[in-house]
Amino acid sequence: MIDNRNKTRFTRMCIAEAIIDLLKKDDFNRIKISDVVKRAGVARMTFYKYYDSCYKALKDYLGIIISDYLEARRYHFENDDYMETEHIAFALEFFDQYADFFLILKKKGLYSLMIDGVNDFMKEHIMKERNLTLYELYSYAGGLLNSFLMWEENGKKESSLAVAKAINHQFNNPL
């Protein structure tokens, strides 16, 4: 039996995945709520129960992905140093599952949604851990996101570990 929390999460994911599917064929500003609910198989009222825009649905979906990452990460690491090479490689591999989502957002001009999500995550989980300034934090967040997107766009020619080592070197060895 599915509890209401899982049903709610599933419904929210269906809505966001419908938007992503529609983004493959159309620009973001042309997507209509009626098309989203039809594709997602939910009632219009259901959409508005959770969101007032497609942008907020995609932002929520990113939040779900990040939450899943945090859950998966807990099972793989004992410490919380997100900036270690092994942690970075794990993050690259985890988020690779959602490469289509991230690459579509970039292609459709929704980079700000991604960087805002990464910045929020960094402020909550890394800033205090490493005692970083906001400038250092945003530099790291942007570098991490851009490196991930480039790795995906280039067909992942390098291993996640090689990319993680490059990122780790850049941010743990100041000029």
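Below or above, wherever it landed, is the structure these notes cover. (Residues numbered from 1 in each chain as written. Predicted model: local features only at pLDDT ≥ 70, side-chain atom pairs only at ≥ 80, totals over all residues. Heavy atoms only, no water.)

Observations concerning the overall build of the protein
Put simply, the rule reads: We count a stretch as a helix when DSSP gives it H or I for four or more residues in a row; a strand needs E for two or more, and each element gets its number in order from the N terminus. In this description the radius of gyration comes from C-alpha coordinates, and the expected globular size is given by 2.2 Å times residues to the power 0.38. When accessible area is computed with a 1.4 Å probe and restricted to protein chains, residues below 20% of their type maximum are described as buried, those above 50% as exposed, and intermediate ones as partly exposed. Whether two residues touch is decided by their heavy atoms; if any such pair falls within 4.5 Å, the residues are in contact.
Helices and strands together make up the secondary structure of the protein, namely 10 helices and zero strands. For 175 residues, the compact-globule estimate of 2.2 N^0.38 gives 16 Å, and the C-alpha radius of gyration of the protein, at 17 Å, lies within 12% of that figure. Judged by the C-alpha coordinates and their principal axes, the protein covers about 55 × 35 × 30 Å. In the protein, which comprises 175 residues, the proportion classed as buried is 43%. If you take every contact in the protein between residues at least 6 apart in sequence, the share linking residues at least 24 apart comes to 64%.

Things to note about the packing of aromatic side chains
Think of a pair of aromatic rings as described by two things: how far the centres are apart, and how the planes are tilted against each other in angle. Spelled out, the test is: Within 6.5 Å between ring centres, the rings of Phe, Tyr and Trp (the latter by its six-membered ring) count as paired, and their orientation is classed by plane angle as stacked under 30 degrees, edge-to-face over 60, tilted in between.
Per the stated rule, a full pass over the model turns up 15 aromatic pairs. When the ring of Tyr-69 is compared with that of Phe-121, the centres are 6.1 Å apart and the planes differ by 70 degrees; the resulting orientation is edge-to-face. With Tyr-69 in helix α4 (residues 54–76) and Phe-121 in helix α7 (residues 111–125), this pair connects stretches of sequence that are 52 residues apart. The buried category is assigned to Tyr-69, whose relative accessible area is 3%. With 6.4 Å between their ring centres and 50 degrees between their planes, Phe-148 and Trp-151 make a pair best called tilted.

Considering the environment of Leu-132
Structurally, Leu-132 is set in the loop between α8 (127–130) and α9 (134–153). Judged by relative accessible area, which is 17%, Leu-132 ranks as buried. For Leu-132, the contacting residues outside a window of four places in its chain are Met-83, Ile-126, Met-127 and Leu-137.

What about the pattern of salt bridges?
Pairs may arise between side chains of opposite charge once their charged atoms sit close together. Let me state the cut-off plainly: Note on definitions: salt bridges are taken to be side-chain nitrogens of Lys or Arg within 4 Å of carboxyl oxygens of Asp or Glu.
Counted according to the given criterion, the structure contains 11 salt bridges. Across the pair Glu-71 and Arg-74 runs a salt bridge, and its minimum N-O distance is 2.1 Å. Separated by three residues within a single helix, Glu-71 and Arg-74 lie in helix α4, roughly one turn from each other. The exposure class assigned to Arg-74 is exposed, which follows from its relative accessible area of 54%. The structure contains a network of salt bridges with shared partners spanning Asp-21, Lys-24, Arg-39 and Asp-100.

Looking at the packing of α7 against α9
Heads up, the condition is: Note on geometry: axes are C-alpha line fits, over the in-contact stretch for helices, and angles between N-to-C directions span 0 to 180 degrees. Orientation labels follow simple angle bins: below 35 degrees gives roughly parallel, above 145 gives roughly antiparallel, 65 to 115 gives roughly perpendicular, and whatever is left gives oblique. Two helices that cross are described as forming a left-handed crossing if the nearer one is turned anticlockwise from the farther one by less than a right angle, and a right-handed crossing if clockwise.
The geometry of α7 relative to α9 is characterised by a closest axis approach of 9 Å and an angle of 130 degrees between their N-to-C directions. Between α7 and α9, the interaxial angle falls into the category oblique. Judged by the twist between their axes, the crossing of α7 over α9 is right-handed. Facing Tyr-111, Met-114, Ile-115, Val-118, Asn-119, Met-122 and Lys-123 of α7, the residues of α9 in contact are Leu-134, Leu-137, Tyr-138, Tyr-140, Ala-141, Gly-142, Leu-144, Leu-145, Asn-146 and Leu-149.

So, unusual backbone geometry
Despite not being glycine, Lys-156 shows a phi value in the positive range, around 55 degrees. Mapped onto the elements of the fold, Lys-156 is located in the loop between α9 and α10 (160–172).

What about helix α2 (residues 33–40)?
As a reminder of what qualifies: The reported arc concerns the directions from the helix axis to the C-beta atoms and nothing else.
Among the residues making up α2, those that are buried are Ile-33, Val-36, Val-37 and Ala-40. Viewed along the axis of α2, the buried residues span an arc of 90 degrees, placing them on a single side of the element. Within two residues after α2, Gly-41 carries a phi angle of roughly 75 degrees, on the positive side.

These figures come from the coordinates and say nothing about function on their own.
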